[in-house]
Amino acid sequence: MTLHRLKYFLPQIIRNFINKILKLINLKIIRFNSIHESEISKIIKLNLPIENPVIFDVGANRGQSILYFKKIFKSPKIHCFEPNPDALKLIEIKYKNDKNIIQNNYAAGEKFETKEFNVTANSGHSSFQDINFKSKWVKERSKSININANQYITKKIKVKQISLDDYARDHNINSIDILKIDTQGYEDKVLAGCHHLLKNRKIKLIKLELILSEVYEKNLQFYEIEKYLIPNKYKLFSIDNGGSLASHYIFQLELIYVSEELYDKFMSVSPFYNEMLK
């Protein structure tokens, strides 16, 4: 086991040892962990212990994920996809001299076409999906910035959309280390445009957001995501503590899926599943 992986697994190895001692006196420690952003960062780095990954940032918005990945990796090459030109302008200004940040002012979806895009008061909520104006979510969001709920969509614009299959082919990209998708209910369409990339497992790790509450007129379910992933042998690797419909009006999850090859590699060194490491 490498030092990098040992650092990650060492606490669990210690806990396993303590549990074995306690088992001798019929005691056991049980702890349920929720996965938060810092833990997700560790999971990503654990599976991809490299310095310069190729990353597709779909739904780049104002560049939040660029900062996030730059903290995890030394020199990531990030292809950004953001259909809102006002949001992308902030990325252009900040990273105009960074050759590793490739900016694309269009959306990613199932195929090449021009579509109508809803720009919202908070640009991070902009989407191809229509806002559910009856939801508590939009009422609370609107109230926080002193506007009426029906003003939350500020304008509708025409944007160009491409498929990631076409983009990867046209730019001679044969392998993607991370595909991050945060497209406000449009994640399934992004995956639909990755048919060849997924089929040939050219994407190693997928990080995406799944909104399960009634934020938009159409909300996705797990099936609509996994129908593109499971047949192509991708595995759900982590899921954060997203709450429930009963606990809060915001119910959304951060999910990580990994390719079969990455999954098998992890299993071979994990003390959770490998008796040799316990």
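Residues numbered from 1 in each chain as written. Predicted model: local features only at pLDDT ≥ 70, side-chain atom pairs only at ≥ 80, totals over all residues. Heavy atoms only, no water.

A. Seen up close, the packing of aromatic side chains. Taken as a whole and assessed by the stated rule, the structure comprises ten aromatic pairs. With a centroid separation of 5.1 Å and an interplanar angle of 75°, the aromatic rings of Phe117 and Phe128 are classed as edge-to-face. Of this pair, Phe117 sits in strand β5 (residues 113-120) while Phe128 sits in the loop between β5 and α5 (136-144), placing them eleven residues apart in sequence. Summarising the burial analysis for this pair, Phe117 and Phe128 share the class buried. Through a chain of ring-to-ring contacts, the aromatic side chains of Phe56, Phe81, Tyr106 and Tyr167 assemble into a single cluster. Above the ring of Tyr68, the side-chain terminus of Lys207 is found at 5.3 Å from the ring centroid. Sitting above the plane of the Tyr263 ring, Lys235 keeps its charged end 5.2 Å from the centroid. (Phe/Tyr/Trp six-rings, centres within 6.5 Å; stacked < 30°, edge-to-face > 60°. Helix = DSSP H or I, 4+ residues; strand = E, 2+ residues; numbered from the N terminus. Buried < 20%, exposed > 50% of the residue type's maximum accessible area, 1.4 Å probe, protein only. Lys NZ or Arg CZ within 6 Å of the ring centre and 35° of its normal.)

B. The nonpolar core, seen in detail. One finds Leu164, Leu179, Ile203 and Ile206 to be the most contacted residues of the largest nonpolar core, which totals 37 residues. Top element by residues in this core is strand β8 (residues 203-211). It accounts for four residues. Here Ile203 is in contact with Ile176, Leu179, Cys194, Leu197, Leu198, Tyr234 and Ser259, once residues within four sequence places are set aside. In this structure, Ile55, Leu88, Tyr95 and Leu205 belong to the second largest nonpolar core, which totals 25 residues. (Core = buried A, V, L, I, M, F, W, Y, C linked by side-chain atoms within 4.5 Å. Contact = heavy atoms within 4.5 Å.)

C. Seen up close, the environment of Lys89. Positionally, Lys89 belongs in helix α4 (residues 85-94). Separated by 28 residues in sequence, Lys89 and Asn61 have C-alpha atoms that sit 9.6 Å apart.

D. How the structure looks around unusual backbone geometry. One non-glycine residue with positive phi stands out, namely Asn61, at about 55°. Tracing the sequence through the fold places Asn61 in the loop between β1 (54-58) and α3 (64-72). When its relative accessible area of 7% is taken as the criterion, Asn61 is described as buried. The phi torsion at Asn172 lies on the positive side, around 55°, for a residue other than glycine. Relative to the assigned elements, Asn172 resides in the loop between α6 (164-170) and β7 (176-181). Residue Asn172 is classed as exposed on the basis of its relative accessible area of 66%.

E. Structural view of the pattern of salt bridges. In this structure the tally under the stated criterion is 14 salt bridges. One salt bridge connects Lys204 with Asp177, and the closest N-O pair in it is separated by 3.1 Å. Linking Lys204 in strand β8 with Asp177 in strand β7, this pair joins segments that are 27 residues apart in sequence. By relative accessible area, Asp177 is classed as buried at 7%. Between Lys218 and Glu224 there is a salt bridge, with the nearest N and O atoms lying 3.1 Å from each other. Several salt bridges converge on common partners, so that one network encompasses Asp166, Arg169 and Asp170. (Salt bridge = Lys/Arg side-chain N within 4 Å of Asp/Glu carboxyl O.)

No statement about biological role is implied by the geometric values presented.
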